[in-house]
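Structural description and commentary
Here is what each chain is made of, one letter per residue.
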Amino acid sequence: FFLFMRAVGVTFSFFFFFSAYLNLNDPDPEWWLICYGFTGFLCLVSVFYRVPVILCYFVIACVTCWIPFILMEDSFWLRVRDIRLLNLFDHEQAREVGGLLLVLTAMIYLIFRSKNKSSSATSYVLFAFLLPALVAAVFAPKLFKDFSSDSHCNGMFMET
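Conventions we followed
Residues numbered from 1 in each chain as written. Predicted model: local features only at pLDDT ≥ 70, side-chain atom pairs only at ≥ 80, totals over all residues. Heavy atoms only, no water. Helix = DSSP H or I, 4+ residues; strand = E, 2+ residues; numbered from the N terminus. Buried < 20%, exposed > 50% of the residue type's maximum accessible area, 1.4 Å probe, protein only. Contact = heavy atoms within 4.5 Å. Axes fitted to C-alpha atoms, helices over the stretch in contact; angles between N-to-C directions. Parallel < 35°, antiparallel > 145°, perpendicular 65-115°, else oblique. Left-handed = near helix turned anticlockwise from the far one by under 90°. Nonpolar A, V, L, I, M, F, W, Y, C, P; charged D, E, K, R; others polar.

The next thing to look at is the overall build of the chain. Of regular secondary structure, the chain possesses 6 helices and 0 strands. N-terminal to C-terminal, the α/β element order of the chain is α-α-α-α-α-α. In the chain, which comprises 160 residues, the proportion classed as buried is 39%. Contacts in the chain between residues far apart in sequence, at least 24 positions, make up 70% of those at least 6 positions apart.

So this is what it looks like as structure tokens:
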């Protein structure tokens with residue numbers, strides 16, 4: 001079980017470092033580099049040490065405050081409410097909220113990892129894997145479609 005938890009930490013850290021790299025071409029890369037980079041750092045630290053839970057709560061508070069600002073950009077929330085969007089995931093705001101939900105998932109994993117060293121945490125670890133897998137499954141068609149798109153970066157991939 002301990003090796004499994006380490007593998008989860010390494011996987012999460014790789015995912016978030018890679019996400020930070022992919023956001024270098026974003027119009028506001030500094031915020032995403034800080035968010036994804038710090039989350040990746042905490043996940044990597046969790047492989048070797050217990051992460052201070054206060055840091056996880058701090059990130060959760062920041063992300064929770066950030067999500068409404070993203071939803072208010074360009075009246076995005078009003079278009080979602082009025083069902084005027086043909087494909088929700090064609091919009092950068094939806095993808096950004098998805099990324100922040102993954103950060104929240106990582107923080108929940110780190111909190112339970114720090115508090116529970118026993119195998120009773122298995123259900124939390126499964127949750128920490130299932131939610132990102134669900135988000136990834138929803139975003140996967142859009143991600144692969146973005147490889148051939150000519151937009152600025154589609155919030156996911158850098159131009160070459």
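Following the structure, the description resumes.
Now for the packing of helix 3 (residues 53-72) against helix 5 (residues 92-115). Look at helix 3 against helix 5: their axes get within 9 Å of each other, and the N-to-C directions meet at 165°. By the angle between their directions, the pair helix 3 and helix 5 is classed as roughly antiparallel. Every pair of crossing elements has a handedness; the one defined by helix 3 and helix 5 is left-handed. Here V53, C56, Y57, V59, I60, V63, T64, W66, I67, I70 and L71 of helix 3 come into contact with helix 5, specifically with Q93, E96, V97, L100, V103, L104, M107, L110, I111, S114 and K115. A breakdown of the residues in the contact of helix 3 with helix 5 according to their chemical character gives 17 nonpolar, 3 polar and 2 charged.

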